[in-house]
Structure formats: C-alpha cells, structure tokens
Amino acid sequence: MKFPKLNLIAAWAFILLLSACQQTPEKSHPEEFTAYIAGFTTGFVSGEAAIVVDLATVPHLPTVEPGNEVSKTLFAFDPPVKGVAYRNSETRFSFVPENDWPRDREIKVGFHLGKLLEVPDKLKVFNFSVKTLPLSFSVGEPRLTPQESGGDPAYLFEVMIRFSESVEKIESKSFSLKVGKEEIGFEIAGTDKPLEYKLISDKISRLDVQRQLQFEWDGASMGSLSKGSIEVDIPSTGHFAVERVQIVNFPDQAVIIQFSDLISSAQSKSGLFSVEGKSFTIKTERNLATLFPDERLSGSFELLVAAGLENSEGKKLKSDYRSQLNFDLPPPEVRFSGKGVIMVGNNNRKLPFQAIGLKAVDVQVVQIFADNMLQFLQSNTLEGSRNLKSTGRLIARKHLRLDADKGRNLNDWNNYSIDLDELIKDKEGSLFRVYLSFTKQDALVACEQEENQLAENTSRDGVTAKDMANWSGSSWYDPDYYYPPGFSWRERDNPCHNSYYYNERFVSRNVMASNLGLIVKNKDLASNEFVFYATNLETAKPAAGVQVQLYDYQQQIIASGQTASDGSIALTADLIKPFVAVASYQEQFAYVGMEGGSALSLNRFDVSGKQLQEGMKGYIYTERGVYRPGDTIHTAFMLQSMNTDLPGNYPAVIEVYNARDQLVHRQTNNKPDKGLYVFRVPTKAEMPTGRWKIVVTAGASRFEHTVRVETIKPNRLKVNLLNLAIPSYRPTNDSERLSWL
C-alpha cells in the first residue's frame, strides 16, 4: 500500500512531534525567572502535598478569583499526575494531586507561565522538579495481654504500626497472624496520631501447651518495600513467668517487664523487684510491671524478679528471674521549656530549653520584619511559620556548647537557656523564630567516627553565604523541613546514622519581646464595634496613650485611636471587617488577629451570664449546699434595682418546691435590710430527698436557685476525757469514754 507523499511527510512530522513531547525538558535556571517567579516548591514533598508557585507580579485573570479552581492547564507533570490547580491568592497558584504522588520518584514539573503573563518565548514554561519519599512503615514491640473474661483463657494481641506518610487505605492483606497453619483474624484501628495505627486481635486462645504466634507483614500491595516477621510465644495455661523485658530510654528511662498472667494488685511489691541496688519506683498494670529508676542509668545491671510474686489468682512465681540489663546512652533530644510567644522585659531575655545526650546545639534565629508582620499574619497566627521566606530572613546563628559545666550529667535531661540579647538587638515590632538543631557530631552516643565528619574546631557561628543563598532567590525554602543527604526512613531512629538528624528531631518556636498586652472584645457584631484593653505586662496596670490601629486584609488602616487612662478604647470598623489590630507604645508592639475563629474558645465554660429582669438584679444563696430532711434551710436573697430606688417595704415572695416539684413552703418578706431578705424554710424528716428548687419573686422579676436535701449520716464520735490535767506523756490508769453520736 502506498501513501501519498504529503501524508507521509505529515505522519513523520506527527511522530517527531510526539517524540518531542515525550522528551523530558531540562530544568530551568531560576535566576532567569526572578522577574516573574518569587518562589516555588522544591526538594522533598510528602505524598499528598501541593505544588506551589508564587508569582512576583499579579497576573491578568479577571474571571478567576482567589480561592477558586483554575480551568487553564497551568501544570504538566512527568510522570503524568491527575489533580486540580487553584489560584490561592492574587499571586499564588497550586496543584493538588487527586491521589498521592508516586512514591520514591522524581516528579518533573512544567509550569506554563506564558498563560498568565507576557514573557519571552524561552520563559513561557518554567521547569523544575520535586522528590517524593518512599512509603515505609515500622512495627513496634508486640504485646500479649491476658483477657479478664469469664470464658476460656485467651490473650489480646496488640502491635503499633507507624507509617512514614499518610496513607489513604491500609491493606489488611499486607499483614497476617498465624498459629501454626491457622489464620487468626484481626482488625486495624487508628490512633490519636495520624500516622500511627494499632493492629488488634482478641482471638488468641490459651491452651495447656505452649504455642507460637507468627506475625508477618509485606507492604508491596501498598507500594512499600517494608517486609518482615515476628514470632511471639503464647504461654500455656497454669504457666506464670516473665515473658519479655524491654528497656525504654525516651522520654523517661524505664524497664518494662511483661508477665504471662495478670499481676496481683493486692500483694505488696516491696522487695520483689531489684536492679542491682538502684532505687526506683514501681507501677503495675494488668500483666506489666514498669520500673522507673530514680536516676538515669548507663551500663550493665542485673534485674531480679523474686520468687513469690503472685498473679491475680494467687499463684506464685516458682523461682527467681534474673536478666542482664544493658542501658545504652540515651538518644540525643532537645525540647523547649514552657509555652507562649511574648517575652516580657527589655533586658536579660532568656529562652529556656532542655537537652539530653548532647554536648552542643545549633541556634538559628529568623526575623519576621516589623514591616512584614501584616503580610505574615495573613497566613499565620503569632505561633505560625508558613511562607516564612517571603516575610523573614535568617539573622543569627550560634553554636551553643552544653558541656561547659563538667559537673552536669549530659546523659540526663538538663535545663539551659539562650541569651537572646546577644542575638536580637533593637528589633522592636518584629517576630522571631528560634530553631534548635544538632548533628551527629554534637551527640554523645558511641558510634564509629567517619572520616568526613566535621572537625571539632570547625566554626559553626555566624550566618554564612550558603545560608543567605537559601534565603535569597526564588527557590522554595522552609527551615522547618529538612532531610540530610542520603536520608533513609528506616534508619531514622538510629543515632549513629545521619537519617536520625532530620526535621522531626529539631524544635522551633516564635518569640517577640514586648511589654505591651492587648485584649479585644466584640461589643456589637452588627456594626463591627470593638473594645480594646491595653496592659503593661511588667506591672499588670492599664496602659494609657497606646495607639491602636485596625487593618483590613489589604493592610489598610480602617480605624485608629489612643487608649484612655483605664487602658481602654472603642473602635468601629463599620462595613469593613477588620483583619488584625496593632497596638504600639514607645517602641513596644502587640498584634491581635481578628478574623473569624481566632477568638478564644469559650465552649468549656458557662459564659451566658444573667440578664436584667425588668431592671432588677437578684441573687439567692444558702449557708451550705446540702441539708438533711428536718433541717431548716436558711436562705438569703439580695435585690438591686438598676433604674429606680425601691421603697423600704418592697416585698419579696419565696416559694420552695421539693424533689417531686411539689410546693412545700411559701413566705413573704417586706422588711429587707438594705436590699437583703432573709428566709427560714423548715422541712420535715419524712420529706423526699433530691434537688429542691427555691423561687423568689420580686415584682415582675423571678429568680431561681437549687439546693440538695439528702439523708446524711456523718461519722461523729463523743469522747469524754476524765482527767484532762494529766500530761499525755505521763502514764495513767484513768479511763476514757467514747461513744457514737
């Protein structure tokens, strides 16, 4: 068959075009796009993360408002990925995948800049790439717990499974439980942590012979290479023994001893456990005994569980159990002490933190500039860190030694502090994010030294050119998101591997130096009227003369004023909803977000208050909260008129209803003492117990109060001492008389 010449040429052109489309474009040079692109996502991304591109200028898209989907095909991917593109703000565009990104891949991204801005032909597509981590999961120590049901003896099997990233669905076929050839049913339940799950089975029968439980996992069906198995002995009935001993070093050091049966709760544990003369506290729960040493231990010690320890049925341990405990050095950890953002005081500003297993830490301080605070608060609270690169910059770095005090045990938690006065100077109105990180060089764990490790005298103080490169240019950078070169999720808990030293080990916190406090209350929702209260945080006194300004989301002032002598000022925003309030006084600043949802939650408290009734305020109270049938209920009622003075003989009527809502007493009092009415309500011994209701009526106003009437028999003793003059230390034959009342 022959093709016409023209069609043959067209076919070849189509093939060449198709092959050109399938060729992977080379990465663009970000510096060529600086005039058009302010930032973009790079580095590692999680499976469900969005790809973000920030433009340097506002594009012309009149039909697409911020927050809506973009119909144009702005993003292209290799390998192809389905999803939706959005315009998040005037200059931000993002792509959200329909499903998770392909695992453990380099994703090449093409952003069609030419569809949004007029740019040269060679800049119409911005090509960059991101990397995804492989999906992995780890399996914790399994636990067998005896069931307390009255049926056949059985165990509850539990094991924790932790994933490296969120998963849409956990495949049950990735796990199996077997006893011999018998398949054991189980279920997988979520926990309060998003990446952790618990595999549970309550179908582990306990027979008169010891058997073995085989737990296996293979994550291939979920796209994970994680694979392994664990064998767990199922004790036989009538066998009471120690099954497993586990040492925990974090957050507190402990020895967990697992028994085959429930431990007796009635038996004293004194002398039944010992760790080579070391003192500790004991906590027993079900079939676990946990020993908490009074001091952190390192080295080798012998554990003794003495014969005579009883299970819940009174059966004793037949012989002593001995085991050698090897306490390794604790893994390096760091944490901040306390909470909050505001640091009060102009001098001696110390930021406390705690560390263990470390001889040094790296301190980095990022300043969110005062001029950028409104922009920062558009996507953050004062504790947040989103879009940090667009509003802040690294201003200080310090390598802080922790081993100067030779008397400290660095293998235990110790308190330290960062002197922020050395790092922050004359930065009023700015917010600072303080980072604490460390490397393998700073850890005390005993590992084989690597040749390429930094020398001890290498300087790690001061901001370097490499640091500034991260904070400059249009590439995406987030100091809260760090993975070391060659990161392996499986080695993340190994302090001797570089993978241990990644962002989840580090901590960060926002601080702001200010002596000014600001509280805002919504006075009128309809007119957007607010009342502000400014306070000097050093003296706790009202701050007068404080300038308070209300800004809208476009960072324009919509209302302003100065506080009065009581520290208050009322401002009205009219039709414009305020976004943030800024208070300033003598180089002291305070910021309060005013968007919906930022107010303090009051759902745990009754804040309804009492409404005026016909201009009256009333309050009922009794001298105690519980009475016995037959007692006299002494009741007082306070009355205040907010509009007019009441006459001296203004009457108040009390009605008392018992627990069956029956009227048992009614009385009128027209002789108040300065607005205070006193009532005496008698009761009978045969009256029903429960919650009684007291109702007081004053004019057209009605007030209620509840009180309990209960049958109470207190343990009271009558003691007669026949000769009180004899000192208690002198022996005597005189008698005493004691009787129940």
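Predicted, not measured: the structure shown is a model, and the values here were computed from it.

Cut-off values and rules
- Residues numbered from 1 in each chain as written.
- Predicted model: local features only at pLDDT ≥ 70, side-chain atom pairs only at ≥ 80, totals over all residues.
- Heavy atoms only, no water.
- Patch = residues over 30% accessible without salt bridge, like charges linked within 9 Å, V, L, I, M, F, W, Y side chains within 5 Å.
- Areas by Shrake-Rupley, 256 points an atom, 1.4 Å probe, with all protein chains shown as cover.
- Salt bridge = Lys/Arg side-chain N within 4 Å of Asp/Glu carboxyl O.
- Helix = DSSP H or I, 4+ residues; strand = E, 2+ residues; numbered from the N terminus.
- Phe/Tyr/Trp six-rings, centres within 6.5 Å; stacked < 30°, edge-to-face > 60°.
- Buried < 20%, exposed > 50% of the residue type's maximum accessible area, 1.4 Å probe, protein only.
- Lys NZ or Arg CZ within 6 Å of the ring centre and 35° of its normal.
- Contact = heavy atoms within 4.5 Å.
- pLDDT = per-residue confidence, 0-100.
- Pairing = 2+ DSSP bridges.
- Axes fitted to C-alpha atoms, helices over the stretch in contact; angles between N-to-C directions.
- Core = buried A, V, L, I, M, F, W, Y, C linked by side-chain atoms within 4.5 Å.
- Polar contact = N/O pair within 3.5 Å; in protein donor to acceptor, adjacent residues only side chain to side chain.

Participant: Please clarify how a nonpolar patch on the surface should be interpreted in this entry.
Facilitator: A surface patch of nonpolar side chains, about 430 Å² in accessible area, is lined by Y619, Y621, M638, L676 and V678. When residues of the nonpolar patch are traced back to their parent elements, those giving at least two are β42 (616-622) and β47 (676-682). As for its position among the elements, L676 is in strand β47.

Participant: Whenever I open this one, the packing of aromatic side chains confuses me. Can you help?
Facilitator: As enumerated under the stated definition, the model contains 28 aromatic pairs in all. When the centroid spacing of 5.8 Å and the interplanar angle of 90° are considered together, the rings of F438 and Y501 count as edge-to-face. Taken together, the positions of F438 in the loop between β32 (431-437) and α4 (465-471) and Y501 in the loop between α4 and β33 (507-513) put the pair 63 residues apart, joining distant regions of the chain. A relative accessible area of 2% means that F438 is categorised as buried. Under the relative-accessibility criterion, Y501 is labelled buried at 4%. It is K693 that lies over the ring of Y657; its NZ or CZ is 5.3 Å from the centre.

Participant: Quick question: what am I supposed to make of the environment of I557 here?
Facilitator: Mapped onto the elements, I557 comes out in strand β38 (residues 557-562). Classification of I557 by relative accessible area gives partly exposed; the value is 47%. Separated by 24 residues in sequence, I557 and A581 place their C-alpha atoms 9.5 Å apart. Not counting residues up to four positions away in its chain, the partners in contact with I557 are Q549, L550 and Y551.

Participant: What exactly am I supposed to notice about the confidence of the model for the protein chain here?
Facilitator: One rule of thumb: low pLDDT means the predicted coordinates there are not for detailed reading. Looking at the protein chain as a whole, its pLDDT mean stands at 81, while 86% of the residues score no less than 70. Mean pLDDT values for the elements of the protein chain range from 35 in helix α1 (residues 5-22) up to 94 in strand β45 (residues 652-657). In this model residues 726-731 is a low-confidence stretch, pLDDT under 50, and it forms 2 contacts with partners more than four residues away in sequence or in other chains.

Participant: Would you take a moment to explain the pattern of salt bridges for this structure?
Facilitator: Oppositely charged side chains may form a pair once their charged atoms are brought near each other. The tally for this structure, following the rule as stated, stands at 21 salt bridges. The partner of K178 in a salt bridge is E183, and the shortest N-O contact between them spans 3.8 Å. On the accessibility criterion, K178 (28% relative accessible area) is partly exposed. Ionic pairing is found between E710 and R708, a salt bridge with its closest N-O pair at 3.4 Å. In the salt-bridge network here, residues are joined through shared partners; they are E333, R492, D493 and R505.

Participant: Please explain the sheet that holds strand β37 (residues 547-551) as it appears in this structure.
Facilitator: Sheets are built from strands that pair by backbone hydrogen bonding, the pairs being arranged parallel or antiparallel. Sheet architecture is open: 4 strands sit in the order β38-β37-β40-β41, paired in antiparallel fashion. The open sheet is flanked by β38 and β41 (588-593), the only strands paired with a single partner. Averaged over all pairs of adjacent strands, the angle between strand axes in this sheet comes to 15°, irrespective of strand direction. Summarising the sheet, β37 and strand β40 (residues 580-585) pair through 5 bridges and their orientation is antiparallel. Along β40, the bridge assignment pairs V548 with A583.

Participant: Can you walk me through the nonpolar core in this structure?
Facilitator: Soluble globular proteins: nonpolar side chains tend toward being buried together. In this structure, F353, V363, I418 and V434 are the most contacted members of the largest nonpolar core, which totals 30 residues. Every residue in contact with V363, bar those within four places of it in the chain, is listed here: A396, R397, K398, L400, I418, L423, V434, Y435 and L436.

Participant: What's the story with the sheet that holds strand β49 (residues 701-709) in this structure? I'm lost.
Facilitator: Here we have 5 strands laid out as an open sheet, ordered β43-β49-β48-β45-β46, and mixed in their pairing. Each of the sheet's edge strands pairs with one partner strand only, and the pair in question is β43 (626-627) and β46 (663-669). Note: strand β48 (residues 690-698) against β49, 9 bridges, orientation antiparallel. Pairing of A698 across the sheet is with S701, part of β49.

Participant: Even after reading the chapter, I still don't get the pairing of strand β23 (residues 288-293), so can you show me in this structure?
Facilitator: Two faces belong to every sheet, and in a regular strand the side chains alternate between them. A large share of β23 lies buried, amounting to 5 of its 6 residues. With 4 bridges connecting them, strand β20 (residues 254-259) and β23 associate as antiparallel partners. If you follow I257 over to β23, its bridge partner there is A289. When strand β22 (residues 280-285) meets β23, the two strands line up antiparallel, connected through 6 bridges. In the strand pairing of β23, K283 is matched with T290. Hairpin geometry of β22 and β23 is characterised by an intervening segment of 2 residues between the two adjacent antiparallel strands and by a positive phi of about 55° at R286.

Participant: Explanation requested: the pairing of β47 in the structure shown.
Facilitator: By the alternation rule, side chains of β47 split into Y677, F679 and V681, which are all buried, and L676, V678, R680 and P682, of which none is buried. When strand β44 (residues 632-641) meets β47, the two strands line up antiparallel, connected through 7 bridges. Across the sheet, residue M638 finds its bridge partner in β47, namely L676.

Participant: In this structure, what is going on with unusual backbone geometry? I would like to understand it.
Facilitator: Leave glycine aside and you will find that most residues have negative phi; peptide bonds, for their part, are mostly trans. Residues D78 and P79 are joined by a peptide bond in cis, for which omega reads 5°. Structurally, P79 is set in the loop between β5 (75-78) and β6 (83-87). Here R286, not a glycine, exhibits a phi torsion of approximately 55°, which is positive. In this fold, R286 is placed in the loop between β22 and β23. Backbone geometry at A540 places phi at a positive 65°, although glycine is not the residue there. With respect to the helices and strands, the residue A540 is situated in the loop between β35 (529-536) and β36 (541-542). Under the relative-accessibility criterion, A540 is labelled exposed at 63%.

Participant: What is the right way to look at the side chain of E158 in this model?
Facilitator: By secondary structure assignment, the location of E158 is in strand β12 (residues 154-163). When its relative accessible area of 18% is taken as the criterion, E158 is described as buried. Reaching out from E158, the side chain makes a polar contact with the side chain of K198 at a distance of 3.5 Å. Not counting chain neighbours up to four residues away, the residues in contact with E158 comprise E141, P142, R143, T145, K198 and L199.

Participant: Where do I start with the environment of N99 in this structure?
Facilitator: With respect to the secondary-structure elements, N99 resides in the loop between β7 (92-97) and β8 (106-112). Separated by 52 residues in the primary sequence, N99 and G47 place their C-alpha atoms 8.5 Å from one another.

Participant: Would you take a moment to explain the side chain of S176 for this structure?
Facilitator: Within the fold, S176 resides in strand β13 (residues 175-179). The class of S176 is buried, set by a relative accessible area of 16%. Excluding its chain neighbours within four sequence positions, the residues that come into contact with S176 are E183, F186, Q214, F215 and E216.

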